[in-house]
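One letter stands for each residue in the lines below.
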Amino acid sequence: MRRLSTWLLLGPGVFWLGAFFAVPMLLVLAASVMPRGVYGGVEPGFTLEHYRRFLDPLYLHVLGRTVVWAGSATAACLLLGYPVAWVIARSRRHRQLLLLLIVLPFWTSFLVRTFAMIFLLRDTGLINSLLLGAGLIRAPLTLLYTPFAVLLGLVYGFLPFMVLPIYASLEKLDPALLEAAEGLGARPVARFFTVILPLSLPGVIAGSLLVFVPALGSFVTSDLLGGAKQVMIGNLVQNQFTTARNWPFGSAASFAVMALVLVAVGLSIRWRDRGADGEPAA
Amino acid sequence: MKRLVWWVAGLVYLLLHLPVLVLVVFSFNASKYSVRWTGFTLDWYRRLAEREDLWRGLRASLIVGASSTLLATVFGTLLALALARRRFAGRRALEGLLYLPIVTPEIVAGISLLVLFVAIGAPLGLGTITIAHVAFNIAFVAVVVRARLAGMDQSLEEAAMTLGADELTAFRTVTVPLLWPGILAGALLAFTMSFDDYVITSLVSGPGSSTLPIVVYSMVRRNVEPTVNAISTLILVVTSLVIWGANRLLRERPLATARG
Amino acid sequence: MPIVEFLQVSKRFGRVTAVDAVSFAIQRGEFFSLLGPSGCGKTTTLRLLAGFEQPDAGEIRVAGASMRDTPPYERKLGMVFQSYALFPHLSVERNVAYGLERRRLPRAAIAAQVARALELVRLPTAEFAGRRPAQLSGGQRQRVALARALVLEPEILLLDEPLGAIDLQLRKAMQLELKQLNRALGITFVYVTHDQDEALSMSDRIAVMDRGRVAQLGTPAEIYESPRTAFVAGFIGESNLLPGPGGRGVVVRPERIELRTPGEPPAGWESLAGRVDEVIYLGERLRILVALADGGRVNATLPNQGQLTRPVGWARGDDVMVCWRAGDGRTLEDA
């Protein structure tokens, strides 16, 4: 009865993903436990030295910094993005426009947007020029190549990812629930914390994930806005495969990133399945 | 309280778009180094046109973008159909595993492919870039199309069958027309991600196979002239037009006639 | 020869047996209903007949021919889906024409048949042909779904709870129309529903299903007045389970209960003592709930003779005798 064989449907996609995603990952796993070769590649053998190297405070520091920055960026995006999502969900006439204005940056080149930050923050950039011109400062502030710049870049880059899922959640919110709460004596702040926030939690979790995970693996932002000093784990990995020429260590570092990512995803699934009603997943 | 929310939202919108607008404005500034406005000029755009590397980069990006989008869209759509309409062993697992390429950080995906290509001795060039782009885009397309299929009333295809259409005909006359906006959206996403990609591309490209983002990246790093502003503006304008056009084209079509 | 035969058909989904060795035969032109609560297997049975599922055991025959290797698009059965399944991207006209187009009929012929089908379901072609399903009301969509199936002149029409989303008044009108179509066109209707009023009013015969099995198959009168099991008695209409001869329970319908003042019951009647608990006004009848001395409850229905002019004499707290003719008590097979 089948005219289109299921194999035909699955075949190409599964093959491609298997050959060019799964297999490479396995190779990286293998490389991470092999000793470093002369030219930076691998030699036959088995060793856990690369993973052990991670316990070196230097690298733990990078790992920790990455998590802290990604977390901070996520928190900032949440605080800034939630009101935006709220406003869009509430608006009727301008909703399409407001959505488009949030979606547009999402589709715009990440490089271009990061460069916009550079243009603003550098010593000869717009902010410094304005402040100097207005006489508020006498020498340019070092804004670029600081942790602040990286954080700003992360927030700027990933904000739309936070807004859209929260908006989707809020849009489904039944206004009758708020009216019911009001009728039962809840004031605006109470209504927010007891009705709106819990019911928009799936969107908040999704949005947080969509910001946190790419931020963890971020490379471009810290490279362009942070310079050599603000190293995140993404930069570390890239470094091992280019200048530092230590592929096995880079592979181990990659798995460290993946581990962080999977933990974040796992936690978010657990929280999401707890449900808006707070009940543990059935 | 309500006031505060609106103010914050307004501020965010402003801060989201202001930097880029500033970028655009200053692409027309005659002054090379400072941000003082010294006059309107199209010089920087003229300089862009003279840059061979940019044209080559654009060409490379378009080739890679078009071919990788085509493959990723076809494979991803077929995958989504299989997940939505067929029952097979490991379906649940596949559905979950499909998110793995999506959450994997680009740096990890990039180096893993580099390791693969080096291990099998494949020369790095537009071919390897295309393979890489297809790999991470299949999952995105599959997820987008899958979502669209999920909202589609399955009894539509069954109804077609009771009216004498075999599986292929039902697919052609009912499924595809209704799925089309989803497929298009997936393709658009795939193309944009391919065109804009830096990290993965930089790792699996060889000498002479630089795509546009790679060229722009080195320009940004040196960030000296407003030529960078000019190329940024162009990218911005083209992207915006494409998005606006796609938005008009993909007016939501109902996927099922709601009851009552 | 019956037009549809199910011979010991079973269907399993994983560990759940949705249809359990079901057998029945449907006669040509009949209005045959599959009735039961959700999960009883009625929809699965319909889908087996349509060909969307294959039986794990047993055989399905249509007009004597086995349907084992016949896909849905070769079975020549019409079907109206629960969600109507109108193609949202096609106009009403194109929807109805769909099956005819698959048969590659010439344009003019298609147009004529579509017009006739729309007339049959009382949707004026001029007004509705160009509309999209999204622009129609629930009732109108249902008619289009009907027209689309009927235009192909099937021998059998399958209907999967088609009137569920329609409001009461319209539903009653549509039930009548469907019955009339069944009679006028001579098409066999196989109708799935969970609404027992619907099944009783429309069907020639009803198969009451429970957990994958046919609990009872018969005419509406047989099902209602002679239920064979507690399930059937409870699912169709209201019923009272009262003590019967030999210590077994009997089922007595509320309208067969008479209420009398305490005393000796007439010859041939059974009785139980109790007290009136509630008098519920239902318009055309009155429901009197009686609490029995032994703790049970009886539900009696009395016709309303006009509460304002000739009120029924019962009020809360009255002592009453619940009586029924011995012959009206139906012994169940499993109580």
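All residue numbers here refer to positions counted from 1 along the written sequence of the relevant chain. Think of it this way: whatever chain is written first is A, whatever ligand is written first is 1, and the rest follow in order. The predicted origin of the model limits local features to residues at a pLDDT of at least 70 and limits the giving and counting of side-chain atom pairs to 80 or more, whereas totals for whole chains, interfaces and linings rest on all residues.

## So, the overall build of chain B
Now for step 1: Comment: elements are numbered from the N terminus, with helices defined as DSSP H or I runs of at least four residues and strands as E runs of at least two. Looking only at helices and strands, chain B has twelve helices and zero strands in total.
Now for step 2: Going residue by residue from the N terminus, the α and β elements of chain B occur as α-α-α-α-α-α-α-α-α-α-α-α.
Now for step 3: Buried residues are those with 20 or more other C-beta atoms within 10 Å of their own C-beta, exposed residues have 12 or fewer, and partly exposed residues lie in between; C-beta atoms are placed from the backbone. Relative to its 260 residues, chain B shows a buried fraction of 49%.

## Considering the overall build of chain C
Now for step 1: A tally of helices and strands in chain C yields nine helices and 18 strands.
Now for step 2: Its C-alpha atoms give chain C principal-axis dimensions of roughly 80 × 50 × 35 Å.
Now for step 3: Put simply, chain C has 335 residues, and 39% of those count as buried.
Now for step 4: Sequence-distant contacts in chain C: of pairs separated by 6 or more residues, those separated by 24 or more amount to 65%. Any pair of residues counts as being in contact when their C-beta atoms, constructed from backbone geometry, are within 7 Å of one another.

## Some details on the domain arrangement of chain C
Now for step 1: Where each domain starts and ends comes from a domain assignment, either automatic or drawn from a database. Parsing chain C into structural domains produces domain 1 (4-232) and domain 2 (241-331).
Now for step 2: Averaged C-alpha coordinates put domain 1 of chain C and domain 2 of chain C at centres separated by 40 Å.

## Here's the deal with the interface of chain A and chain B
Now for step 1: Contact residues are listed per partner, giving 63 residues for chain A and 64 residues for chain B.
Now for step 2: Examining the composition of the side of chain A that touches chain B, we find that 15 residues originate from one element, helix α1 (residues 6-32) of chain A, more than from any other.
Now for step 3: Lys, Arg, Asp and Glu make up the charged group, whereas Ala, Val, Leu, Ile, Met, Phe, Trp, Tyr, Cys and Pro make up the nonpolar group; the residues left over, Gly among them, are polar. Classifying every residue of the side of chain A that touches chain B gives 49 nonpolar, twelve polar and two charged.

## As for the sheet that holds strand β11 (residues 240-243) of chain C
Residues and elements named next belong to chain C.
Now for step 1: Paired strands, in this sense, are two strands between which DSSP finds at least two bridges. Pairing is antiparallel in the open sheet, where three strands are placed in the order β11-β12-β18. Edge positions in the open sheet fall to β11 and β18 (330-331), since each of these has one partner strand only.
Now for step 2: Examined bridge by bridge, β11 and strand β12 (residues 249-252) share four bridges and lie antiparallel to one another. Considered in β12, the bridge of Asn240 is made with Val252.

## Re the sheet that holds strand β15 (residues 285-292) of chain C
All names here are of chain C.
Now for step 1: With antiparallel pairing, five strands are arranged side by side in an open sheet as β13-β17-β14-β15-β16. Looking at which strands have only one partner, the edges of the open sheet turn out to be β13 (258-260) and β16 (297-303). Taking the axes of each pair of neighbouring strands and ignoring which way they run, one obtains an average angle of 45° across the sheet. For helices, the axis comes from a line fit to the C-alpha atoms of the stretch in contact; other axes are also lines fit to C-alpha atoms, and the angle between any two N-to-C directions lies between 0 and 180 degrees.

## Side note on the confidence of the model for chain B
The predicted structure's coordinates, where accompanied by low pLDDT, should not be read in detail.
Now for step 1: Looking at any residue, its pLDDT shows the predictor's confidence there, from 0 to 100. The predicted model of chain B has a mean per-residue pLDDT of 87, with 95% of residues at 70 or higher.
Now for step 2: Within chain B, the element-level pLDDT minimum falls on helix α12 (residues 227-249) of chain B, averaging 83, and the maximum on helix α8 (residues 155-162) of chain B, averaging 94.

## Here we look at the pairing of strand β17 (residues 319-325) of chain C
Residue and element names in this part refer to chain C.
Now for step 1: Where burial is concerned, the two faces of β17 differ: the one with Val320, Val322 and Trp324 is buried and the one with Asp319, Met321, Cys323 and Arg325 is not.
Now for step 2: Relative to β17, β13 runs antiparallel, the two sharing three bridges. If you follow Glu258 over to β17, its bridge partner there is Cys323.
Now for step 3: Of the pairings in the sheet, the one linking strand β14 (residues 269-281) to β17 comprises seven bridges and is antiparallel in character.

## With respect to the environment of Leu34 of chain C
All names here are of chain C.
Now for step 1: Turning to its location among the elements, Leu34 is positioned in strand β3 (residues 31-35).
Now for step 2: Taking the C-beta count within 10 Å as the criterion, Leu34 has 29 such neighbours and is therefore assigned buried.
Now for step 3: Setting aside chain neighbours within four positions, we find Leu34 in contact with Lys42, Thr45, Leu46, Val192, Ala207 and Met209.

## Topic: the confidence of the model for chain C
All names here are of chain C.
Now for step 1: On average, residues of chain C score 91 in pLDDT, and 99% of them are at 70 or above.
Now for step 2: Predicted confidence in chain C is weakest over β18, with a mean pLDDT of 83, and strongest over β3, with 97.
Now for step 3: Across the interface, the model reports ipTM at 0.85; the global pTM reads 0.80.

## So, the pairing of β16 of chain C
Sheet faces and side chains relate simply in a regular strand, where the side chains alternate between the two faces.
Residues and elements named next belong to chain C.
Now for step 1: In this structure, β15 lies alongside β16, joined through seven bridges in antiparallel fashion. Each residue of the ladder has a partner; that of Arg285, found in β16, is Pro303.
Now for step 2: Linking β15 back to β16 in an antiparallel pair, the connection comprises four residues, with Gly295 at a positive phi of about 100°.

## Focus on the packing of helix α7 (residues 147-171) of chain A against helix α9 (residues 188-216) of chain A
Residue and element names in this part refer to chain A.
Now for step 1: It is at 7 Å that the axes of α7 and α9 come closest, and there the two elements cross at 160°. If you check the angle between α7 and α9, you find them roughly antiparallel. Taken as a pair, α7 and α9 cross one another with a handedness that is right-handed. Facing Leu154, Phe158, Phe161, Met162, Pro165, Ile166, Ala168, Ser169 and Leu170 of α7, the residues of α9 in contact are Ser200, Pro202, Gly203, Val204, Ala206, Gly207, Leu210, Val211, Pro214 and Ala215.
Now for step 2: Grouping the constituent residues of the contact of α7 with α9 by class yields 15 nonpolar, four polar and no charged. With respect to orientation, any angle under 35 degrees is reported as roughly parallel, any angle over 145 as roughly antiparallel, any angle of 65 to 115 as roughly perpendicular, and every other angle as oblique. Should the near helix be turned counterclockwise from the far one by less than a right angle, the crossing is left-handed, whereas a clockwise turn marks it as right-handed.

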